[in-house]
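# Understanding the architecture of this molecule
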Amino acid sequence: MKVLVLGGVAAGTKIAAKLMREDRGNEVIVLNKGKNISYAGCGLPYYVGHVIEDRDDLIVNTPEKYAKLTGVTVVTGTEATKVDPANRKVTAKNLDTGEEKEYGYDKLVISVGASPVKPPIDGCDLENVFFVRTPEDAIRLRDAVDSGDVKRAVVVGAGYIGLEIAENLKLQGIRPFVLDMAEHALPGFDAEMAEYVEGKLQESGIPVVTGVAVTGIEGDKKVEKVLTSKKAYKADLVVLSAGIRPNTAFLEGTGLEMFKGTIVTNEKGETNLADIYAAGDCAMVHNALTGKAAWSPMGSTANIAGRLIAQNMMGAGRNYRGALGTAVCKLPGINVGRTGLTEAQAQAEGFDPVSVITVVDDKAHYFPGAGTFIIKMIADKASLRLLGVQVIGAGAVDKVVDIAVTGIMLKGTLPDLADMDLAYAPPFSTAIHPFEHTLNVLMNKINGNFETFTPAEYAAGAAEGYKVVDACLTPSIEGAPYVELTTVEGPVEGLDPQEKLLLVCNKGKRAYLLQNRLKFYGYRHTKVLEGGITFSDVEA
């Protein structure tokens, strides 16, 4: 079987290599526009920050090494310009010579990736304006950073890559500002979780300004200022990380079904045209929870879908189970991770979502280096099906996320996922795992044993008319009556059992325990503020 693969990096190289492992008799040719066929795109921000020192470490495989390892024929510096599905031919141009050549195929894979969005503003071509998509981009950016001439930088885009770039610029002594048109940083996080992270970034010296449009970049040959819809920012360097666009313009007129330039595929990775497959950042997949088409431009998705496509080409008949938007990101002092639907997305998809926010130990509290996780868990109230998780903390947030992924992919409900025998030892976790702890709290909330206001509800004014009661380990809320949990053995002096009481502690646990006691002694109108003063600013 003759298979032509357009594009390398993640999906293309995975498909080609798997095809050769499945059947050494296949003839597989990869046409790649760039000279690097396989590189660590997700590692580029860390090269800029000298976390990864050697530029050679960014190259996963050279074309020569890859060809020897796999038996795939690799043609670099060659760009596909036309696909002729009727005659099963692709026209490609040698970028060095301009020569065009036709390649025939039995099956075709389109994995041409995506390119950074260049905003329609003046000044993008000034010196010291960068994108970060390829190793060459990262090398040029680090050279500018290492010159010593850069004191202030503006990063346009508060997604994962933009924030990672900002962190690594700060590591090099540069003062970064992050700008984004969206209401909040971190796509895929609910607003209150994103706001918390924005506050932590501000504390670490990385201001994030949201809801602002960049309107221009000014400078005399070299960037000096970034203009926005609100104000101007001085800058010696600008990184544009405002999204990517699939490299599919050359496919217009082929009859391929596309959505906003992204190739539509079915569960087997097939397009609407016979024997043509698509994968990676140029292709759509589907959401594992909703079944709807989804764009998941992640290296993980590209590799998973790519391997499956190669197997299907060989007759396996496998279906891709779908993506969940799973992501994890290292930021200054904290890590963030998420999977599944946000509460807002779940509502929009017709679920009846219920959520809880917990502040829990990430390992045994007495163990050196112990910290906390802030976990938001979301489930469907009627079916109790787990819908999503968002995690913030200094520790291994990916552990919590990955447990949630497993549960969601197996269509697990909260009872299904309760009481799991997860790994425990003091250096690694708590006796009841943070995921299980949060699940228990959410079940208590659903069952009515834990009556709360979420931080979002509190911020929206839901606690108006409630008296704030300080249930912290030590008095911490100015002007609020303080109640020491362990002394409550009956009605509390100064608290009327008919009053509306908002119980607030450091993290939420002591307030829950106080609520439990107060209910026993006749208090029927209490609420606990989820996450306590760790997550929300509270005034009496």
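This text goes with the structure placed above it.
Residues numbered from 1 in each chain as written. Predicted model: local features only at pLDDT ≥ 70, side-chain atom pairs only at ≥ 80, totals over all residues. Heavy atoms only, no water.

## Things to note about the sheet that holds strand β17 (residues 232–234)
- Judged by pairing direction, the sheet is antiparallel, and its three strands sit side by side in the order β15-β16-β17 without closing on themselves. Whereas interior strands pair on both sides, the edge strands pair on one side only; in this sheet they are β15 (214–218) and β17. For this sheet, the mean angle separating the axes of adjacent strands, direction not counted, is 20°. (Pairing = 2+ DSSP bridges. Helix = DSSP H or I, 4+ residues; strand = E, 2+ residues; numbered from the N terminus. Axes fitted to C-alpha atoms, helices over the stretch in contact; angles between N-to-C directions.)

## Regarding the nonpolar core
- Core analysis: the biggest nonpolar cluster contains 50 residues, and Leu386, Val389, Phe435 and Leu514 have the highest contact counts within it.
- Every element with two or more residues in this core is listed here: β27 (353–361), β28 (372–380), β29 (386–393), α9 (397–409), α10 (414–417), α11 (434–446), β32 (501–504) and α13 (509–520).
- If you tally residues by element for this core, the top one is α9, at eight residues.
- Apart from residues no more than four positions distant in its own chain, Phe435 is found in contact with Met377, Leu386, Val389, Val400, Ile403, Ala404, Leu417 and Met420.
- Core analysis: the next-biggest nonpolar cluster, separate from the first, contains 44 residues, Phe189, Leu237, Ile374 and Phe535 among them. (Core = buried A, V, L, I, M, F, W, Y, C linked by side-chain atoms within 4.5 Å. Buried < 20%, exposed > 50% of the residue type's maximum accessible area, 1.4 Å probe, protein only. Contact = heavy atoms within 4.5 Å.)

## Thoughts on the layout of surface pockets
- Taken as a whole, the second largest pocket spans an internal volume of roughly 620 Å³.
- Those elements that place two or more of their residues in the lining of the second largest pocket are β27, α11 and α13.
- Ranked by the residues each element gives to the lining of the second largest pocket, the list is headed by β27, at five residues.
- Taken together, the residues of the lining of the second largest pocket sort by class into 12 nonpolar, seven polar and five charged. (1 Å grid on protein atoms, 1.4 Å probe; cavity = no way out; pocket = protein on both sides within 12 Å on 5 of 7 lines; lining within 4 Å. Points joined across faces, edges and corners; volume = space filled by probe spheres on them. Nonpolar A, V, L, I, M, F, W, Y, C, P; charged D, E, K, R; others polar.)

## Here's the deal with the environment of Ile174
- With respect to the secondary-structure elements, Ile174 resides in the loop between α5 (160–171) and β13 (175–180).
- Distance in space between the C-alpha atoms of Ile174 and Asp149 is 9.9 Å, their sequence separation being 25 residues.
- Excluding anything up to four places from it in sequence, Ile174 contacts Val145, Val150, Lys151, Arg152, Ala153 and Leu169.

## Details of the sheet that holds strand β26 (residues 334–340)
- If you walk across this open sheet you meet the five strands as β25-β26-β29-β28-β27, and the pairing is antiparallel. Lying at the two open borders of the sheet, with one neighbouring strand each, are β25 (327–331) and β27. The sheet shows a mean angle of 10° between the axes of neighbouring strands, direction not considered.
- Where β25 and β26 come together, five bridges link them in antiparallel fashion. Each residue of the ladder has a partner; that of Leu331, found in β26, is Ile334.
- Against the sheet, α5 touches β25 and β26, its axis set at about 20° to β25.
- Relative to β29, α9 is tilted by about 175°, and along the sheet it contacts β25, β26, β28 and β29.

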